[in-house]
Amino acid sequence: LSIIHNLIIIKNRFELKLKNNEDYELKEILSQLRLNTLELNKNIMQARLVEINTILNRFPSMARKLAKELNKKIELSIIGGEILVDRTIIDVIGDPLVHIIRNSIDHGIENEEERIKKNKHPIGKIIIEVKKTDTEIQIIISDDGQGINLKKVKEKAIKNGLITEEKAEQMNEKEIIELITLPGFSTAEKITELSGRGVGMDVVKNTIEKIRGSLTINTELNKGTTMIITIPTSINLSTVLFCIYNNNRYLIQQDYVYELLEISKKDIFFKDGKYSIDLSNKEILNIEFKKIIPAFYINEPNENEKYYLLLLKKENKFFGIIIDKVITQLEVIIKPLNKYFLKNINIFNGAALLGDNLPALLLNINYFIN
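It should be emphasised that the depicted structure is a prediction, and the values quoted were computed from it without experimental measurement. (Residues numbered from 1 in each chain as written. Predicted model: local features only at pLDDT ≥ 70, side-chain atom pairs only at ≥ 80, totals over all residues. Heavy atoms only, no water.)

(A) Layout of the sheet that holds strand β16 (residues 325–333). Here five strands make up an open sheet; going across it, the order is β16-β8-β9-β18-β17 and the pairing mixed. Pairing within the sheet leaves two strands with one partner each, and these edge strands are β16 and β17 (348–353). Averaged over all pairs of adjacent strands, the angle between their axes in this sheet comes to 35°, without regard to strand direction. Each of β8 (237–245), β16 and β17 touches helix α1 (residues 2–17); the most contacted strand, β16, lies at about 160° to it. (Pairing = 2+ DSSP bridges. Helix = DSSP H or I, 4+ residues; strand = E, 2+ residues; numbered from the N terminus. Axes fitted to C-alpha atoms, helices over the stretch in contact; angles between N-to-C directions. Contact = heavy atoms within 4.5 Å.)

See below:
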């Protein structure tokens, strides 16, 4: 893979150098280089595809064994195991799934007696469902157990000094749930040989983020918990827009780009504490301005100043970000960020070297959506 990666960087170098060049022959050569490079990469990646069942098929027997040790009855089923994914995903995703399924069996699913008291089926259910779109792979792990007790999560976080009581009162459900992904956090009341001290969700989250993925946790008390792992379809090569804002370089995945608009002050209005625009003629209303960096605000838009709004879409959700200009479209190799230095910066989830051998940061689309 390193050879194709270097070839792509060389191609991008030519592309940036020739962007404003009118030499038709050079541009034709660049076009041929681009097509052949992408075809070579496609063939290499096709050869790396394997069924995700390669890793999932081991979990039903693992679940039965662990359930027997805990004197529980559990049935684990898999949907979408025939979906093809890159071998790198198989290599990375195994340990996070083990953590999630162990915690579900040990701390999520109740024993048979408790389930009967709650009018539940005596056999607990865990479902692993895999979905794939053009841009993403989703691995959804859901159980019908007791769910996560958010009150206990808050109490434990306060006790451990992670948050204050005042902060806890102000947190919404999503923010409380995210506390369980902090290093060493656990609400387990007892230590077991099976899942240790209940730690590991921080490891799960960090491992998923290394391949530009994200973890979403939904839970309902006495109903169950669902964990959604979202990973880019291609963790090797990405087609991006190379943009400039405030003299800084940013990359935005082309798959999410809906439209580039030029707007002015008259298109902007203030509502519910947010600057928004009205695109009713396009049947898209109240697209919120987003901040690329904390210093970015449009406190008082200039009457005559024009803004470029990049309108992005994920599933059925739209949002916009302000940019100064789009340089070009590129195919780049995205590398994970060093979380030791950038551990609190969730707005980016990768970076790439461009043709000039200088890096540009990839915007995390999930940050904007959530």
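Next comes the rest of the write-up.
(B) View of the sheet that holds strand β5 (residues 136–143). If you trace the five strands from one edge of the open sheet to the other, you get β2-β4-β5-β7-β6, paired in mixed fashion. Whereas interior strands pair on both sides, the edge strands pair on one side only; in this sheet they are β2 (74–79) and β6 (214–220). With strand direction ignored, the average angle separating the axes of adjacent strands in the sheet is 10°. When β6 meets strand β7 (residues 224–232), the two strands line up antiparallel, connected through seven bridges. Across the sheet, residue I217 finds its bridge partner in β7, namely M227.

(C) Up close: the packing of helix α5 (residues 87–108) against helix α10 (residues 201–210). α10 packs onto α5 with a crossing angle of 150° between their chain directions and a minimal axis gap of 9 Å. By the angle class used here, α5 and α10 are roughly antiparallel. At the point where α5 passes α10, the crossing takes the left-handed sense. When α5 is examined against α10, the residues V92, I93, P96, H99, I100 and N103 are found in contact with a partner set consisting of M201, V203, V204, T207 and I208. (Parallel < 35°, antiparallel > 145°, perpendicular 65-115°, else oblique. Left-handed = near helix turned anticlockwise from the far one by under 90°.)

(D) Quick peek at the nonpolar core. In this structure, F59, I93, I139, I141 and I229 are the most contacted members of the largest nonpolar core, which totals 49 residues. Among the elements that line this core, the one with the most residues is α5, at eight residues. (Core = buried A, V, L, I, M, F, W, Y, C linked by side-chain atoms within 4.5 Å. Buried < 20%, exposed > 50% of the residue type's maximum accessible area, 1.4 Å probe, protein only.)

(E) Structural view of the pattern of salt bridges. Evaluated as defined, the whole model comprises eleven salt bridges. With a shortest N-O distance of 3.0 Å, E110 and K118 are connected by a salt bridge. Here D144 makes a salt bridge to R115, at a shortest N to O gap of 2.7 Å. In this pair, D144 is assigned in the loop between β5 and α7 (150–159) and R115 in helix α6 (residues 112–117), connecting sequence segments 29 residues apart. Relative accessible area serves as the criterion here: at 1%, R115 is assigned to the buried category. Connected through shared salt-bridge partners, E110, R115, K118, K120 and D144 make up one network. (Salt bridge = Lys/Arg side-chain N within 4 Å of Asp/Glu carboxyl O.)

(F) The arrangement of the packing of α1 against helix α2 (residues 24–47) in detail. At a minimum axis separation of 10 Å, α1 and α2 run at an interaxial angle of 155°. Overall, the two elements α1 and α2 adopt an arrangement that is roughly antiparallel. Relative to α2, the crossing made by α1 is left-handed. Contacts from I4, L7, I8, K11, F14 and E15 of α1 reach α2 at L30, L33, R34, T37, L40, N41 and I44.

(G) Representation of the packing of aromatic side chains in the model. Under the criterion given, the structure shown has one aromatic pair. Plain terms: the ring middles of Y250 and F348 are 6.0 Å apart, the flat faces sit at 10° to each other, and that makes the pair stacked. In this pair, Y250 is assigned in strand β9 (residues 248–253) and F348 in strand β17, connecting sequence segments 98 residues apart. For the residue pair Y250 and F348, the accessibility class agrees, reading buried in each case. (Phe/Tyr/Trp six-rings, centres within 6.5 Å; stacked < 30°, edge-to-face > 60°.)

Keep in mind that these numbers describe shape and distance, not what the molecule does.
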